[in-house]
Amino acid sequence: MRTEQNQWTEGRGWEPAPPGKLGGSAQLVFLFGSRDILKSGAHNDLVRKAFPQAHLLGCSTAGEIYGTHVSDDSLVTTAVQFDHAHVRGARIRIGEVKDSYQAGEGLARTLDKKGLVHVFVLSDGLKINGSDLVRGLAENLPAEVSITGGLSGDGANFLETLVLWDGPAEREVVAIIGFYGERLNVGYGSLGGWDSFGPERLITRSEGNVLYELDGKCALDLYKNYLGDHAKGLPATGLLFPLSLRMNQGETGVVRTILSVNDQDKSMVFAGDVPQGAYARLMKANFDRLIDGSIGAAKTSFEALGSASPELAVLISCVGRKLVLKQRIEEEVEAVREVMGAGCALTGFYSYGEISPFTPHAKCELHNQTMTITTFSES
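Here's what I pulled together on the structure shown here. What you see is a predicted model; the values in this text were computed from it and never measured.

Here the structure, examined in full by the defined rule, presents eight aromatic pairs. On the basis of an interplanar angle of 20° and a centroid distance of 6.0 Å, the ring pair of Phe30 and Phe32 is categorised as stacked. Summarising the burial analysis for this pair, Phe30 and Phe32 share the class buried. Look at Phe158 and Tyr352: their rings are 4.4 Å apart centre to centre, the planes differ by 10°, and that puts the pair in the stacked class. Here Phe158, found in the loop between strand S10 (146-151) and strand S11 (163-165), pairs with Tyr352, found in the loop between strand S23 (345-351) and strand S24 (353-357); they are 194 residues apart in sequence, far enough to count as distant. Residues Phe158 and Tyr352 agree in their burial class; the two are buried. We note Arg205 situated over the ring of Tyr212; from NZ or CZ to the ring centre the distance is 4.0 Å. Taking the ring centre of Phe197 as reference, the NZ or CZ of Lys284 above it sits at 5.2 Å.

Another aspect to go through is the pattern of salt bridges. The final tally for this structure, using the stated rule, is 23 salt bridges. Here Asp72 ties to Lys322 by a salt bridge, and the two come within 2.9 Å at their closest N and O atoms. Of the two residues, Asp72 is situated in the loop between strand S6 (69-71) and strand S7 (74-81) and Lys322 in helix H7 (residues 319-325); the sequence distance between them amounts to 250 residues. On the accessibility criterion, Asp72 (45% relative accessible area) is partly exposed. Across the pair Glu200 and Arg246 runs a salt bridge, and its minimum N-O distance is 2.9 Å. One end of the pair, Glu200, is in strand S14 (residues 194-207); the other, Arg246, is in strand S17 (residues 243-246), and 46 residues separate them in sequence. The class for Glu200 is partly exposed, based on a relative accessible area of 37%. A single network of salt bridges, built from pairs that share partners, joins Lys39, Glu160, Arg171 and Glu172.

Pairing within the open sheet is mixed, and its six strands lie in the order S8-S12-S9-S10-S24-S25. Each edge of the open sheet is held by one strand with a lone partner, namely strand S8 (86-93) and strand S25 (364-367). Across this sheet, the average inter-strand angle for adjacent strands is 15°, counted without regard to direction. Running at roughly 145° to S8, helix H3 (residues 100-110) makes contact with S8 and strand S12 (173-180) of the sheet.

Further remarks concern unusual backbone geometry. With omega at -5°, the peptide bond leading from Glu15 into Pro16 counts as cis. Cis rather than trans, the peptide bond between Leu234 and Pro235 has omega equal to 10°. Looking at the secondary structure, you find Pro235 in the loop between helix H5 (219-227) and S17. In this structure, Asp215 is a non-glycine residue whose phi angle is positive, near 55°. Tracing the backbone shows Asp215 in the loop between strand S15 (210-214) and strand S16 (217-218). Judged by relative accessible area, Asp215 falls into the partly exposed class, the value being 35%.

Strand direction decides the pairing type here: S14 and strand S21 (residues 279-285), joined by six bridges, are antiparallel. Across the sheet, Phe197 pairs through a bridge with Leu282, a residue of S21. Strand direction decides the pairing type here: S17 and S21, joined by four bridges, are antiparallel. Opposite Arg246, over in S21, you have Tyr279 as the bridge partner.

Conventions used here
Residues numbered from 1 in each chain as written. Predicted model: local features only at pLDDT ≥ 70, side-chain atom pairs only at ≥ 80, totals over all residues. Heavy atoms only, no water. Phe/Tyr/Trp six-rings, centres within 6.5 Å; stacked < 30°, edge-to-face > 60°. Buried < 20%, exposed > 50% of the residue type's maximum accessible area, 1.4 Å probe, protein only. Helix = DSSP H or I, 4+ residues; strand = E, 2+ residues; numbered from the N terminus. Lys NZ or Arg CZ within 6 Å of the ring centre and 35° of its normal. Salt bridge = Lys/Arg side-chain N within 4 Å of Asp/Glu carboxyl O. Pairing = 2+ DSSP bridges. Axes fitted to C-alpha atoms, helices over the stretch in contact; angles between N-to-C directions. Contact = heavy atoms within 4.5 Å.

Here it is, written out as structure tokens:
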């Protein structure tokens, strides 16, 4: 496997050089960039010409990862040349299907299952129920095929997110890419690092990813009461105080963050399911544990490769972590580098949701507020 990475910014142009060193030998290019840059399309066309035989997959972000650097308002491209593996992909418009489950189901059915090792998915970050999307994919793929990916972002704006698959970047789109080849090794891991506080409350009224009541009381009013002055900045400030959900005693909780609030019906919309009958508890950031979570995800995804060393790692971290860590944000990426080693190319983005099992062979789920890492190598 060979990789080529380039970054474009308004002030510096392309660094270290315009893309194209791998040229026609590249089979895949990841593109992660700000909404405005992807929407303009000018640089996307240049990338297509630089890698004429490659599939292009990408999305808008809440921050781009380029090596150990985290930036805004840039475009990061990572071209990949496989020695033995190959890829196939597809996209679907959310408006063309009944719901998020059907979007996942339809995409899964487009892929040839013979030799399929892994599926990577990028989705619209605002108009999707990520939990249903994951279920639609998982229930229509072979059990041994792993799934990772994430929901596209739009900074802390929550206005419009874009996904790109072999064409212009568009809103309300979900795209997947299937990786094929018995010599391709894929690892993955996902960890958070948030602390719970306050009482655990029962979700007494919800529909899918929309929450109405906790303990029989208006969920939005309760949430605003906890947030105090932070409530004025919703939904963005909600990223600082996600919910931890569990269905059963002793179960590992999944984290959910807010996408939007409705002051008229007092509802809160989350990136994934908030099931009625589940227990919810507020969470807050712990700086050191956030970094430890990144290290843990890196170690899990590294060790999952067995004797192989990672050659490419795709990092998808939550925008909420970025808002909390602020000027320390690159510490979590640098921590991943220490685990992966200098020979592994790092790319990725800050998202509105992360898709991965916690550990290998676990159930794939939508997460929020985690660092999720997918590693690739060829043997």
